[in-house]
Amino acid sequence: MKKVLLIALVSILAVSVFVGCAPAASGGDNAPAANEEFVKMGEEAAKNGDDSLKNVMDKGEFIVGLDDSFPPMGFRDEDGNLTGFDIELAKAVAEHMGVNANLQAIDWKAKELELESGNIDMIWNGYTITPERQEQVLMSEPYMENMQVVVVPADSSIKTLADLAGKKVAVQDGSSAQEAIADNAELAASIGEQIDFKDNVTALMDVSSGQTDALAVDLVVANYYLAKDPDKYVILEETLSPEQYGIGFRKSDQALHDAIMQALSEMKEDGTAAELSEKWFGKDVTTF
Amino acid sequence: MNILGTFAELAQGLGVTLALFALTLVCSIPLGFLGSHVSLGKNKPAKFIYNIYLVVMRGTPLILQVLFMYFGLNLAGIHIGRFESALLSFVLNYTAYFSEIFRGGIQSINRGQYEAASVLGLSKGLTMRKIVIPQVFKIVLPSLGNEVINLVKDTALVSIIALGDLLKIAYSASMREANIMPLVAAAVFYLAINAVVSLVLKKIEKRMNYYRI
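Remember, predicted model here, so these are calculated numbers, not experimental data.

**Section: the overall build of chain B**
When helices and strands are counted, chain B shows 8 helices and 0 strands. Starting at the N terminus and walking to the C terminus, you meet the elements of chain B as α-α-α-α-α-α-α-α. Per-residue burial over chain B gives 34% buried out of 213 residues. Contacts in chain B between residues at least 24 apart in sequence constitute 76% of all its contacts with a sequence separation of at least 6.

What follows is the structure, encoded as structure tokens:
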């Protein structure tokens, strides 16, 4: 009896250690052949003291930090595989450069810390360009257009932003929707109460239960959730503010930034980028 | 998405949760026992430092300890994996609690027993092994059990450093499905783990029930 218990315990331990320590999901399978163009770029930059690109080409991978609970930009399918527009775009860029994209799930609240401490090489997951973030990280040129919108129940009396006066508005804490409201002084003053939720799903549930009247959120995210429940909600025609998504790098990693942007523009030319955008959003929203 | 699919998906996070739970227990119970001897020992400087450790570990939220351990070490240039860093934080934290539980247990043994043992010519080590420890273990078992059950639930904190534990996987699924069912399923998982843990604890307690005073 004792022995059986012991054996059972040890085997559970062994299995769990094995599973627990298995490396995080990595993008590619075999190391692809590095693209000579980028190898040369990396060596040029290394001569000038920036070896960020050279390191990536030597290692054969770059590490993308992403929030794996942010559909449709980055999330997990039912088998636990990472998918989404940003993920597929990052993988395509890696393939173009002849390296692997190592996809690392991070906690979104700690994204800049993860970048600074070298656990990831870039933040790439619906990362909205803001002046505050531009001070902290090396922000790329915008690669896609987005906007902040307001979602209300289909039968709501709210039709315009002005109708939000005195109403309760839900937002995701730390999101750019929160900033969009703060930046719109008139709106911020007129709404009754702003309630900050941990994520958009709980915020949307609160709207659906009638506790709050509206949700301010990214258009791409709103479209994803509305597609799940098409008759329940509507998006107000009047939008809060346009915004753009960028990729965040360490301030010192100019060469890596240049290489990724060059890869993106080459993919724009050969149509790969438009194809991905069509697949996820039904139209080409890329701006690089 | 059906309920079976949800359970199958969450099972992916079970490995991290169980590994963290089991390894923390295996490391921190013996360490806690050793630690209780520092607390009860005569070495003043060691006691002082140990008490600071206890105050810090028991006086700050575990979620912050997990966060500081991971980012602190990595920012300082010591590159440590997510799982290893989480395990280290948990072992340090739980050792503090276990050590205080053991200290209480050892102090509850009557002085007279030590004197009797010494009259009978038993060495200090032998007294500890054959007389004190068996009784201490029985005394501390209920409090130990409390902490073990707590540990199962505390493992859910590691999602702060994006480890793919049960809660993290459930949370991601909930974001994808725009539905809280995966979180309910996660609660069922934690409940099931703790049902097994409680059962095992009861069994051990029963087995320890000889010569009850």
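**Focus on the UniProt feature "domain: Ionotropic glutamate receptor C-terminal" (unreviewed entry) in chain A**
Taking the numbering used here, the UniProt-annotated feature "domain: Ionotropic glutamate receptor C-terminal" (unreviewed entry) corresponds to residues 61-283 of chain A. Summarising residues 61-283 of chain A: 38% helix, 29% strand, and an end-to-end C-alpha distance of 30 Å.

**Details of the packing of helix α1 (residues 3-40) of chain B against helix α4 (residues 82-107) of chain B**
All names here are of chain B. Axis separation between α1 and α4 bottoms out at 5 Å; the angle between their running directions is 45°. In this view, α1 runs oblique relative to α4, as classed from their interaxial angle. α4 is crossed by α1, and the crossing has right-handed handedness.

**Thoughts on the sheet that holds strand β2 (residues 69-70) of chain A**
Strand order in this open sheet of 3 strands is β2-β3-β4 (chain A), and the pairing throughout is antiparallel. Two strands in the sheet have a free side with no partner beyond their single neighbour: β2 and β4 (82-83) of chain A. In the sheet, strand β3 (residues 74-76) of chain A pairs with β4 of chain A via 2 bridges, with the strands oriented antiparallel. The residue of β4 of chain A that forms the bridge with F75 of chain A is T83 of chain A. Contacts from helix α7 (residues 166-177) of chain B reach β2 and β3 of chain A within the one sheet, and its direction differs from that of β3 of chain A by about 115°.

**Side note on the UniProt feature "domain: Solute-binding protein family 3/N-terminal" (unreviewed entry) in chain A**
The UniProt entry lists residues 61-284 of chain A under the feature "domain: Solute-binding protein family 3/N-terminal" (unreviewed entry), expressed in the numbering used here. For the annotated span residues 61-284 of chain A, helix accounts for 38% and strand for 29% of the residues, and the straight-line distance between the end C-alpha atoms is 28 Å.

**Focus: the interface of chain B and chain A**
Contacts between chain B and chain A engage 25 residues on the former and 28 residues on the latter. Elements represented by at least two residues in the side of chain B that touches chain A include exactly α1, α3 (62-75) and α7 of chain B. Residue composition of the side of chain B that touches chain A, grouped by class: 16 nonpolar, 7 polar and 2 charged.

**A short note on α4 of chain B**
The end-to-end C-alpha distance of α4 of chain B is 38 Å, a good match for the 38 Å that 26 residues give at a rise of 1.5 Å each. Burial analysis of α4 of chain B places 19 of its 26 residues in the buried class, which makes it a mostly covered element.

**Re the UniProt feature "transmembrane region" (unreviewed entry) in chain B**
Residues and elements named next belong to chain B. As recorded in UniProt, the feature "transmembrane region" (unreviewed entry) lies at residues 12-36, 48-73 and 180-201. Helix makes up 92% of residues 48-73 and strand 0%, whereas the separation of the span's terminal C-alpha atoms amounts to 25 Å. Segment residues 180-201 splits into 95% helix and 0% strand. End C-alpha atoms: 32 Å apart.

**A few points about the confidence of the model for chain A**
Residues and elements named next belong to chain A. Averaged over every residue, the pLDDT of chain A is 87; residues scoring 70 or more account for 89%. Element-level pLDDT for chain A is lowest in helix α1 (residues 2-21), with a mean of 50, against a maximum mean of 96 in strand β7 (residues 138-139). Taken together, the stretch residues 15-29 has pLDDT below 50 and engages in 28 contacts with residues farther than four places along the chain or on a different chain.

**Here we look at the domain arrangement of chain A**
Residues and elements named next belong to chain A. Domain boundaries assigned for chain A yield domain 1 (24-137 + 250-281) and domain 2 (146-243). Its C-alpha centre places domain 1 at a distance of 30 Å from the equivalent point of domain 2. With 8 residues of domain 1 in contact, the opposing surface of domain 2 contributes 7 residues. Broken down by class, the residue content of the side of domain 1 that touches domain 2 amounts to 4 nonpolar, 3 polar and 1 charged.

Scoring rules and cut-offs
Residues numbered from 1 in each chain as written. Chains lettered and ligands numbered in written order. Predicted model: local features only at pLDDT ≥ 70, side-chain atom pairs only at ≥ 80, totals over all residues. Helix = DSSP H or I, 4+ residues; strand = E, 2+ residues; numbered from the N terminus. Buried ≥ 20, exposed ≤ 12 C-beta atoms within 10 Å, placed from the backbone. Contact = placed C-beta atoms within 7 Å. UniProt positions renumbered as here; feature names shortened; annotations may be inferred. Axes fitted to C-alpha atoms, helices over the stretch in contact; angles between N-to-C directions. Parallel < 35°, antiparallel > 145°, perpendicular 65-115°, else oblique. Left-handed = near helix turned anticlockwise from the far one by under 90°. Pairing = 2+ DSSP bridges. Nonpolar A, V, L, I, M, F, W, Y, C, P; charged D, E, K, R; others polar. Expected span 1.5 Å × (residues − 1). pLDDT = per-residue confidence, 0-100. Domains from an automatic or database assignment.

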